[in-house]
Amino acid sequence: MSRKRTLTAALVQQHETRLSIAQRRQDHAGDALAEATTEKYRAMPYEQYLRTVHWRAFRARILKDRDRTCEECGERYGLIDVHHLTYENLGCERDRDVVVLCR
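Residues numbered from 1 in each chain as written. Predicted model: local features only at pLDDT ≥ 70, side-chain atom pairs only at ≥ 80, totals over all residues. Heavy atoms only, no water.

Asker: Give me the overall build of the protein chain: which residues, what numbers.
Answerer: Counting its secondary structure elements, the protein chain contains six helices and two strands. Shown N-terminal to C-terminal, the secondary structure of the protein chain runs as helices and strands in the order α-α-α-α-α-α-β-β. Scored against the burial criterion, the 103 residues of the protein chain give a buried share of 35%. Summarising the internal contacts of the protein chain: among those between residues at least 6 apart in sequence, 63% fall at separations of at least 24. With the model as given, the accessible surface of the protein chain reaches about 6900 Å², and the carbon-plus-sulfur share is 53%. (Helix = DSSP H or I, 4+ residues; strand = E, 2+ residues; numbered from the N terminus. Buried < 20%, exposed > 50% of the residue type's maximum accessible area, 1.4 Å probe, protein only. Contact = heavy atoms within 4.5 Å. Areas by Shrake-Rupley, 256 points an atom, 1.4 Å probe, with all protein chains shown as cover.)

Asker: Tell me what's going on with the environment of H83, and back it up with residues and numbers.
Answerer: The topology assignment puts H83 in strand β1 (residues 80–84). For H83, a relative accessible area of 28% puts it in the partly exposed group. Once the C-alpha coordinates of H83 and D97 are considered, the two residues, 14 residues apart in sequence, prove to be 8.6 Å apart. Excluding residues that lie within four positions of it along the chain, H83 makes contacts with D97, V98, V99 and L101.

Asker: I'd like to hear about helix α6 (residues 53–65), residue by residue, with values.
Answerer: Relative to the 18 Å expected for 13 residues at 1.5 Å per residue, α6 spans 18 Å between its end C-alpha atoms, a close match to the ideal helical length. Along α6, the residues that are buried comprise W55, F58, I62 and L63. On an axial view of α6, the arc spanned by its buried residues comes to 135°, and they lie on one face. Among the exposed residues of α6, those oriented more than 90 degrees off its buried face are V53, R56 and K64. On its buried face, α6 is in contact with α5 (46–49), β1 and β2 (98–102). Positive phi shows up at D67, right after α6, with a value of about 55°. (Expected span 1.5 Å × (residues − 1). Arc of directions from axis to C-beta.)

Asker: Can you tell me about the pairing of β1, naming the residues and giving the values?
Answerer: Across the five residues that make up β1, a large majority, four, are buried. Inspection of the sheet shows β1 paired to β2 by five bridges, in the antiparallel sense. Opposite D81, over in β2, you have L101 as the bridge partner. (Pairing = 2+ DSSP bridges.)

Have a look at this one:
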């Protein structure tokens, strides 16, 4: 489990490289609206945030976009999670703020 917590710089760089220019533009769309909701999500306990409709929809989209595949080992079966690389954008995560990993 500790290997999941300490992602290597190479994994983060590989993850960043995968993002297309179109995805980066899409990430910034709606930043103004995101600002308003960010504080609401940051104020709640993290475990509660993970149960919100917002997080569940975002998580489902990420899993679909990345073919439910662990970005570290390529595993497609078993338990797959979406992990935050940073909590700076909690409530308005961008695709590059998370990584898909197996347990």
